[in-house]
Amino acid sequence: MSVSPAEVAVVPDTAMPHARLVGVTRVFSRRGRGDDVHALGPIDLDLKRGEFFSVVGPSGCGKSTLLDVLAGLATPTSGTAEFEGRPIAGVPAGVGAVFQEDASFPWLSVTDNVAFGLRRAGVDPAEIARRVDYAIGFMGLRGFADAYPAQLSGGMRQRVCIARTLVMQPRLILLDEPFGALDAQTRLLMGDELLRMWRETGATVLLITHALDEAAMLADRVGVMSARPGVFIDIVATGWDAERDSRIVSHPRFGDLTGHLWERLRVESLKHLREG
Ligand SMILES: Nc1ncnc2c1ncn2[C@@H]1O[C@H](COP(=O)(O)OP(=O)(O)OP(=O)(O)O)[C@@H](O)[C@H]1O
């Protein structure tokens, strides 16, 4: 069978890391106000295509800065950041991000919120309707398609934000504490929805969270960061199979895993408390 060069070009190189950070640092300059803030790194990280990677670390260690670098929202002070083999310069096509704060547009209905990015990208209206309908159904918002964010709970508003990212069909999904404002039970259930989304889309996911149980339940690998400037002090493979859901928290190995993560994090969190 002959294969055209165009077909060859779209075959993903699964051996290549999906995203790669080499020696990435980020320093915030405080001109005239004393020392610069060394926020991050040097960080080395290979994200494998299709993996679910969680990041935990003490407050202020540079987790959001790390995500901003991958999202193309922050330029490394030194080192290199790549997505699909190309240097990240600006927001890369194929990368979608969801942040902690509710970023839904209050003046738009759920449908119009979810359709927003596709309309801006000039996608064909029939295709927009199809993708929006799918994402709304997938995120369990079918009965609320015409509702406005003010009429929804915090969890549902975050689902709107996830649906809005999902319709863009990102190959790398970056999540910065998306459930930070939600109660513990809702967070675990939202975790189930994330896992379903991850399985269905085949996307690579990087999740930042403060919750060790969330990190351990969701991820294939959990990266533990040091106090600022954050570097990875441990990367733990969870060993769960892809079909996992929130019931994994009662698995006999789950307590050992979160215990290990806390052991690694405790010293770093104490450093943050003592040194700020
Ligand atoms: N624009 C900025 N100017 C100066 N310092 C900054 C800036 N943005 C972040 N920082 C500092 O860089 C460090 C890392 O910030 P970052 O938000 O990445 O940490 P984080 O781990 O996500 O924190 P948290 O867990 O509290 O959300 C912090 O000390 C923060 O105060």
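What counts as what
Residues numbered from 1 in each chain as written. Predicted model: local features only at pLDDT ≥ 70, side-chain atom pairs only at ≥ 80, totals over all residues. UniProt positions renumbered as here; feature names shortened; annotations may be inferred. Near = placed C-beta within 6 Å. Helix = DSSP H or I, 4+ residues; strand = E, 2+ residues; numbered from the N terminus. Nonpolar A, V, L, I, M, F, W, Y, C, P; charged D, E, K, R; others polar. Domains from an automatic or database assignment. Contact = placed C-beta atoms within 7 Å. Pairing = 2+ DSSP bridges. Axes fitted to C-alpha atoms, helices over the stretch in contact; angles between N-to-C directions.

- The name that an unreviewed UniProt entry assigns to the protein is Aliphatic sulfonates import ATP-binding protein SsuB, with the source organism given as Rhodoplanes serenus.
- Turning to the protein, the UniProt annotation filed under Sequence similarities (unreviewed entry) states: "Belongs to the ABC transporter superfamily."

**Let's talk about the site of the ligand**
Reasoning step 1: The environment of the ligand is made up of Phe28, Val37, Ala39, Gly57, Ser59, Gly60, Cys61, Gly62, Lys63, Ser64, Thr65 and Arg228.
Reasoning step 2: Mapped by element, the contributors of at least two residues to the shell around the ligand are strand S2 (37–47) and helix H2 (63–70).
Reasoning step 3: The element best represented in the shell around the ligand is H2, accounting for 3 residues.
Reasoning step 4: Grouping the constituent residues of the shell around the ligand by class yields 4 nonpolar, 6 polar and 2 charged.

**Here we look at the domain arrangement of the protein**
Reasoning step 1: Domain boundaries assigned for the protein yield domain 1 (15–81 + 170–276) and domain 2 (105–169).
Reasoning step 2: Taking the mean C-alpha position of each, domain 1 and domain 2 sit 26 Å from one another.
Reasoning step 3: The interface is formed by 10 residues belonging to domain 1 together with 8 residues belonging to domain 2.
Reasoning step 4: Broken down by element, the side of domain 1 that touches domain 2 gets its largest block of residues, 4 residues, from helix H6 (residues 184–201).
Reasoning step 5: The residue inventory of the side of domain 1 that touches domain 2, partitioned by class, reads 8 nonpolar, 1 polar and 1 charged.

**Description of the sheet that holds S2**
Reasoning step 1: If you trace the 4 strands from one edge of the open sheet to the other, you get S2-S1-S4-S5, paired in antiparallel fashion. This sheet does not close on itself; its edge strands, each paired only once, are S2 and strand S5 (86–87).
Reasoning step 2: Summarising the sheet, strand S4 (residues 78–83) and S5 pair through 2 bridges and their orientation is antiparallel. Within S5, the position partnered with phenylalanine 83 by the bridge is arginine 86.
Reasoning step 3: Running at roughly 125 degrees to strand S1 (residues 19–28), H2 makes contact with S1, S2 and S4 of the sheet.

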